[in-house]
Amino acid sequence: MFGFKKKKLELTLPVDGKIVSLAAVPDEVFSTGMMGQGFAIEPSSDEIYAPVAGTITNIFPTKHAISLKTKEGLELLLHLGLDTVDLAGKPFEMFVSANQKVTPDTLLCKMDRSQITVAKKSAVVLVLVTSGEDVTVTDVDSSLHGTICGSVKIG
């Protein structure tokens, strides 16, 4: 009988800020894991980078969410803020497009946190694994973009 070795893929912090658990996010769809496992960041910067090397599969028309896929087949969703879909893309400036290859050094977009705050919305950034793999947050003390902050068990 052949066994499959489990793989681990590391995720980096896509924005400077404080990592918070999904359970602490004040939106039931995210806090209960309905959209997938992952983590959230209370951002201290407006620059959003890719959390992993992969390909942009979708940018929502309202620019509040970006989907990525890794070469390992992992599907991720970056969700920028809570209820920011209502802002019709105004606080977001995109620097990437669908089908573009990215790395953790790729600036995906800028998010104007002041516009989001004025609109009485949360600017929390969510990193969700939407393809069903298990996610482990490995370094809850990180605060800088590019720091390894989580891992995904594959297989």
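See the structure printed just above.
Reading the values: rules and limits
- Residues numbered from 1 in each chain as written.
- Predicted model: local features only at pLDDT ≥ 70, side-chain atom pairs only at ≥ 80, totals over all residues.
- Heavy atoms only, no water.
- Core = buried A, V, L, I, M, F, W, Y, C linked by side-chain atoms within 4.5 Å.
- Buried < 20%, exposed > 50% of the residue type's maximum accessible area, 1.4 Å probe, protein only.
- Contact = heavy atoms within 4.5 Å.
- Pairing = 2+ DSSP bridges.
- Helix = DSSP H or I, 4+ residues; strand = E, 2+ residues; numbered from the N terminus.
- Axes fitted to C-alpha atoms, helices over the stretch in contact; angles between N-to-C directions.

**Describing the nonpolar core**
At step 1: Judged by nonpolar contacts, the single largest core of 35 residues is most densely connected at Phe39, Ile48, Ile56, Ile66, Leu108 and Met111.
At step 2: In contact with isoleucine 56, other than residues within four places in its own chain, are Ile66, Ser67, Leu68, Val96, Ser97, Ala98, Asn99, Gln100, Val102 and Leu108.
At step 3: If you look at the next biggest cluster of nonpolar residues, it comprises eleven residues, including Phe30, Leu77, Leu82 and Leu128.

**Structural notes on the sheet that holds strand 12 (residues 134-137)**
At step 1: Here three strands make up an open sheet; going across it, the order is 1-13-12 and the pairing antiparallel. Single-partner strands in this sheet number two, and they are strand 1 (7-12) and strand 12. Across this sheet, the average inter-strand angle for adjacent strands is 25°, counted without regard to direction.

**Details of unusual backbone geometry**
Among all residues except glycine, the phi angle is most often negative; among peptide bonds, the trans geometry is most common.
At step 1: Although it is not a glycine, alanine 88 adopts a positive phi angle of roughly 55°.
At step 2: Topologically, alanine 88 is positioned in the loop between strand 7 (75-82) and strand 8 (92-94).
At step 3: For alanine 88, a relative accessible area of 52% translates into the label exposed.
At step 4: In this structure, asparagine 99 takes a positive phi of about 75° despite not being glycine.
At step 5: By the element assignment, asparagine 99 lies in the loop between strand 8 and strand 9 (101-102).

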